[in-house]
Amino acid sequence: MKVIDFHIHVGDPKDWTPWVVEFFKLRNPIYFNTIFDKLSAEKVITYLKSQGIERAVMLAEYAPKTSGVLTNKYISEFCKGHDELIPFGSLCLYDEKPLTEQAEEAYNLLKMKGFKMLPTYAHFYPNDERLFPFYEQVQSWDIPVLFHTGTSVFKGSRVKYGDPLFLDDVADSFPHMKIILEHGGRPFWYDRAYWMITRHENVFIGITGIPIDKLLEYFPKLEKYQDRFLFGSDWPGLPEIKILIDRIYSLPISNEAKEKILYKNAGRLLGLL
Ligand SMILES: [Zn+2]
């Protein structure tokens, strides 16, 4: 089966806050010692291929108080010329440049294929109306937006902004915007994330960071909603992506559902299929 990984972090050690660098060092010492310092697209692609991954989403991040700053420009340049790497932008809420201008530049100039927003890291509510003109844009461009939902291990993050239900306003006001609840509201809002996909046809759940052996416990109707779940790894926050893929293969669900979670749903959202 082909695999698209919807959640990868790239960035030089100097771009991340010290506790994120420490986290990588502890969680993925191989990466820390061999790839991190002189990171290149070639090295990342070689690693992804070794894990059986065809394409992967590379995430920009504006969260200086929490994890660090990976600019849209950096991610765009990192992915340039490599079809395997799919650049996702982010917006900086502290920038003087209006959000719509930042989005315009990311989409038109830097060729971003989607966005990742970090309410808990950058301290904003996703249903803040300041963001609505941006939501209007992504809806008209028909590109997905990933929202970090649930908790985080990194200091500086504020869980109050991570409730998946804040996206109810957004999904309702922008019924054609493709909204991904990344982490499915982990670890105590799974029921809310699930309710969101039953209520809104434009909402999806990114399973990144959710223990795969518990997936059916948290989402018993995974088979029924097989069109709405997406695979992601959060690499390099763990040493081996292949282990996660094997766990998906072992789930007692249909092959069709596995293929959708690992590849087809992402391919469809990214306009590749
Ligand atoms: Zn992540």
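Residues numbered from 1 in each chain as written. Predicted model: local features only at pLDDT ≥ 70, side-chain atom pairs only at ≥ 80, totals over all residues.

Chemist: Help me understand the overall build of the chain, please; the structure alone is not making it clear to me.
Modeler: Secondary structure assignment for the chain yields twelve helices and ten strands. In summary, the chain has a C-alpha radius of gyration of 17 Å against a globular reference of 19 Å for 273 residues, a match within 12%. Projected onto the principal axes, the alpha-carbon positions of the chain cover approximately 45 × 40 × 35 Å. When the 273 residues of the chain are sorted by exposure, 45% land in the buried category. Counting only contacts in the chain whose residues sit at least 6 apart along the sequence, the fraction spanning at least 24 positions is 77%. (Helix = DSSP H or I, 4+ residues; strand = E, 2+ residues; numbered from the N terminus. Rg over C-alpha atoms; globule rule 2.2 N^0.38 Å. Buried ≥ 20, exposed ≤ 12 C-beta atoms within 10 Å, placed from the backbone. Contact = placed C-beta atoms within 7 Å.)

Chemist: Could you clarify how one ought to interpret helix 7 (residues 132-141) in this entry?
Modeler: Owing to its 3.6 residues per turn, the α-helix aligns residues three or four sequence positions apart on the same side. Among the residues of helix 7, those classed as buried are Phe134, Tyr135 and Val138. Looking straight down helix 7, one finds its buried side chains confined to an arc of 100 degrees; they lie on one side. Opposite the buried face of helix 7, at more than 90 degrees from it, the exposed residues are Pro133 and Ser140. Buried positions along helix 7 lie against helix 5 (99-109), strand 6 (115-117), strand 7 (145-148) and helix 8 (166-173). Positioned one or two residues after helix 7, Asp142 has a phi angle of 60 degrees, which is positive. (Arc of directions from axis to C-beta.)

Chemist: Would you explain the sheet that holds strand 1 (residues 4-8) in this entry?
Modeler: Backbone-to-backbone hydrogen bonds join strands into a sheet, with any given pair of strands oriented parallel or antiparallel. The strand order across the open sheet formed by three strands is 1-2-5, and the pairing between neighbours is parallel. The open sheet has two free edges, formed respectively by strand 1 and strand 5 (85-88), since each of these has just one partner strand. Across the sheet, the axes of successive neighbouring strands diverge by a mean angle of 20 degrees, strand direction being ignored. Looking at chain direction, strand 1 and strand 2 (residues 55-59) are connected through three bridges and run parallel. If you follow Ile4 over to strand 2, its bridge partner there is Arg55. The sheet strands contacting helix 4 (residues 72-79) are strand 2 and strand 5, and the helix crosses strand 5 at an angle near 165 degrees. (Pairing = 2+ DSSP bridges. Axes fitted to C-alpha atoms, helices over the stretch in contact; angles between N-to-C directions.)

Chemist: Would you take a moment to explain helix 4 for this structure?
Modeler: Within helix 4 the residues assigned to the buried category are Asn72, Ile75 and Cys79. Buried positions in helix 4, seen along its axis, are confined to an arc of 70 degrees and lie on one side of it. Against the buried residues of helix 4 lie helix 3 (41-50), strand 2, strand 4 (68-70), strand 5 and helix 5.

Chemist: Would you take a moment to explain the nonpolar core for this structure?
Modeler: Inside soluble globular proteins, nonpolar side chains tend to come together where they are buried. Ala56, Met58, Phe88, Val145, Ile179, Leu181 and Leu230 are the most contacted members of the largest nonpolar core, which totals 73 residues. Per-element tally for this core: the top contributor is helix 12 (residues 255-269), with six residues. Beyond its immediate sequence surroundings of up to four residues, Met58 is in contact with Ile8, Val10, Ile75, Phe78, Cys79, Leu85, Ile86, Pro87 and Phe88. (Core = buried A, V, L, I, M, F, W, Y, C linked by C-beta atoms within 7 Å.)

Chemist: Looking at this structure, how should I read the environment of Ser173?
Modeler: Take Ser173: it is sitting in helix 8. In sequence terms Ser173 and Lys214 are 41 residues apart; their C-alpha atoms lie 32 Å from each other.

Chemist: I would appreciate a short explanation of the sheet that holds strand 8 (residues 179-182) in the present structure.
Modeler: The five strands are arranged 6-7-8-9-10 in an open sheet whose pairing can be described as parallel. The open sheet has two free edges, formed respectively by strand 6 and strand 10 (229-230), since each of these has just one partner strand. In the packing of helix 8 onto the sheet, the strands contacted are strand 7, strand 8 and strand 9 (203-206), and the crossing angle to strand 8 comes to about 165 degrees.

Chemist: What am I meant to see in the environment of Ile45 here?
Modeler: Of note, Ile45 is situated in helix 3. Residues Ile45 and Leu244, 199 residues apart in the sequence, show an inter-C-alpha distance of 18 Å. Setting aside chain neighbours within four positions, we find Ile45 in contact with His82, Glu84 and Leu85.

Chemist: How do you make sense of the packing of helix 11 (residues 241-250) against helix 12 when you look at a structure like this?
Modeler: When two helices pack together, their arrangement is given by the angle between the helix axes and the distance between those axes. Two numbers describe how helix 11 lies on helix 12: the axes approach to 9 Å, and their chain directions differ by 155 degrees. One finds that helix 11 runs roughly antiparallel with respect to helix 12. The segment helix 11 lies against helix 12, with Ile245, Ile248 and Tyr249 engaging Lys258, Ile261 and Leu262. Its residues assigned to classes, the contact of helix 11 with helix 12 shows five nonpolar, no polar and one charged. (Parallel < 35°, antiparallel > 145°, perpendicular 65-115°, else oblique. Nonpolar A, V, L, I, M, F, W, Y, C, P; charged D, E, K, R; others polar.)

Any functional reading would require information beyond the geometric quantities listed.
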